[in-house]
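Each chain is listed here by its residues.
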Amino acid sequence: MKIVVLTGAGISAESGVPTFRDADGLWEGHRVEDVATPEAFERAPEVVHRFYDERRRSLQQVGPNAAHAALSRLEQLLGSDLLVVTQNIDDLHERAGSRRVLHMHGELLSALCVSCEGRFAWDGDLVDEPPCPGCGHAGLRPDVVWFGEMPYELDLIDRALQDADLFVSVGTSGAVYPAAGFVRAATAYGAATLELNLEPSAGSHFFDESRYGPAGTLVPAWVDELHA
């Protein structure tokens, strides 16, 4: 069985990672327009850098939870027949042991050079504008897909959905595109679909089956079913 699992903010929230926006539409106290757009970076790069530098440091204070661990266990069972596509920019899937993870919105622990377009593993600060390890220019930015930018590897994701027998969405709002459209694509390609979420998402009616509750409970139970 080939499975594509999409994970969103809900899976990392149980580890203590703040979800993308709160009830006031803010992202950790900041307007999204001030920290998550190319225009914001062009206008005030220091503000943007300090925001992501702090998030990078905060990431070290949290760890993977039972849902991350269960998906790692599933990879041990399925190998290359499992692909985890995550909207999250944290590294909790990898720290749980998953290796087949595609970060469609980029990674917090990565830097992107605006000069040479190289991508580099990065766990330090960027506010002091260190030189690019590839070209030497001081043009590094967070390797995060901002509003108005194209997510990574959409062609690869589409091919995986074409081949999938099952598409599973975990902890997503169903409101952020293009990821919100994956369930309809998977259905069109003939895959069964399952939603595991704390509450019905905006696209819950597109799924064949939905289960509601904490990801740390639902995902391990689902993986146990597949093992059985």
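Residues numbered from 1 in each chain as written. Predicted model: local features only at pLDDT ≥ 70, side-chain atom pairs only at ≥ 80, totals over all residues. Heavy atoms only, no water.

This is how the line gets drawn: UniProt positions are given in the numbering used here, feature names are shortened, and annotations may be inferred rather than shown by experiment.
As annotated in an unreviewed UniProt entry, the protein chain carries the name NAD-dependent protein deacylase and is attributed to Nocardioides eburneus. Taken directly from UniProt, the Subcellular location (unreviewed entry) text for the protein chain runs: "Cytoplasm". Under Sequence similarities (unreviewed entry), UniProt gives the following word-for-word description of the protein chain: "Belongs to the sirtuin family. Class III subfamily."

## So, the packing of helix α5 (residues 66-78) against helix α9 (residues 215-227)
Basically, it comes down to this: Simply put, an axis is a line fit to the C-alpha atoms, just over the touching stretch for a helix, and the angle between two N-to-C directions goes from 0 to 180 degrees. Every helix listed is a DSSP run of H or I at least four residues long, and every strand listed is a run of E at least two residues long, numbered separately from the N terminus. To sort the angles, those under 35 degrees are grouped as roughly parallel, those over 145 as roughly antiparallel, those from 65 to 115 as roughly perpendicular, and the leftovers as oblique. Left-handed describes a crossing whose near helix is turned anticlockwise from the far helix through less than a right angle; right-handed describes the clockwise counterpart. Should any heavy atoms of two residues lie within 4.5 Å, those residues are counted as being in contact.
Contact geometry for α5 and α9: axes closest at 7 Å, N-to-C directions at 20°. Classed by the angle they form, the pair α5 and α9 counts as roughly parallel. As α5 runs across α9, the sense of the crossing is left-handed. Seen from α5, the contacting residues are A66, A67, A70, L71, R73, L74 and L77; seen from α9, they are A215, G216, V219, P220, W222, V223, D224, L226 and H227.

## Re the pattern of salt bridges
Our working definition: The term salt bridge refers to a side-chain nitrogen of Lys or Arg lying within 4 Å of a carboxyl oxygen of Asp or Glu.
On inspection of all chains with the given rule, the structure shows 11 salt bridges. A salt bridge links R119 to D143; the nearest nitrogen and oxygen atoms lie 2.7 Å apart. Residue R119 is found in strand β7 (residues 119-121), and its partner D143 is found in strand β8 (residues 140-144); the two are separated by 24 residues along the sequence. In this structure, E225 engages R211 in a salt bridge whose closest nitrogen and oxygen atoms are separated by 3.1 Å. In this pair, E225 is assigned in helix α9 and R211 in strand β11 (residues 209-212), connecting sequence segments 14 residues apart. Members of the salt-bridge network, linked through shared partners, are E54, R57 and D125.

## Focus on the UniProt feature "binding site: Zn(2+)" (unreviewed entry) in the protein chain
The line we're drawing: Relative accessibility thresholds used throughout: buried, under 20% of the residue-type maximum; exposed, over 50%; partly exposed, between the two (1.4 Å probe, protein chains only).
UniProt's feature table lists "binding site: Zn(2+)" (unreviewed entry) at C113, C116, C132 and C135, given in the numbering used throughout. Maximum C-alpha separation among the annotated residues is 8.6 Å over a sequence range of 23 residues, consistent with a single clustered spot. With respect to the element layout, C132 can be found in the loop between β7 and β8. Judged by its relative accessible area of 4%, C132 falls in the buried class. Contacts of C132, omitting those with residues within four sequence positions, involve C113, C116, F120, H137 and L140. As for its position among the elements, C135 is in the loop between β7 and β8. Using a relative accessible area of 30% as the deciding quantity, one classes C135 as partly exposed. Beyond its immediate sequence surroundings of up to four residues, C135 is in contact with C113, S115 and C116.

## A short note on the packing of aromatic side chains
To be explicit about the condition: Here a pair means two rings of Phe, Tyr or Trp (six-membered ring of Trp) with centres within 6.5 Å. Their orientation is stacked below 30 degrees between planes, edge-to-face above 60, and tilted elsewhere. Look at NZ for Lys and CZ for Arg. If either is within 6 Å of the ring centre and within 35 degrees of the ring normal, a charge sits over the ring.
Across all of its chains, the model carries four aromatic pairs by this definition. Taking the centre distance of 5.0 Å and the plane angle of 90° together, the rings of F51 and Y52 count as edge-to-face. For the pair shown, F51 and Y52 are each scored as buried. With a centroid separation of 6.3 Å and an interplanar angle of 15°, the aromatic rings of F167 and F207 are classed as stacked. In this pair, F167 sits in strand β9 (residues 166-170) while F207 sits in the loop between β10 (192-197) and β11, placing the two residues 40 residues apart along the sequence. Classification of F167 by relative accessible area gives buried; the value is 1%. F207 sits in the buried class, given a relative accessible area of 12%. Cluster of aromatic residues (ring-pair linked, three or more members): F41, F51, Y52 and W146. One cation-aromatic arrangement involves R141 over W146; the distance from NZ or CZ to the ring centre is 3.8 Å.

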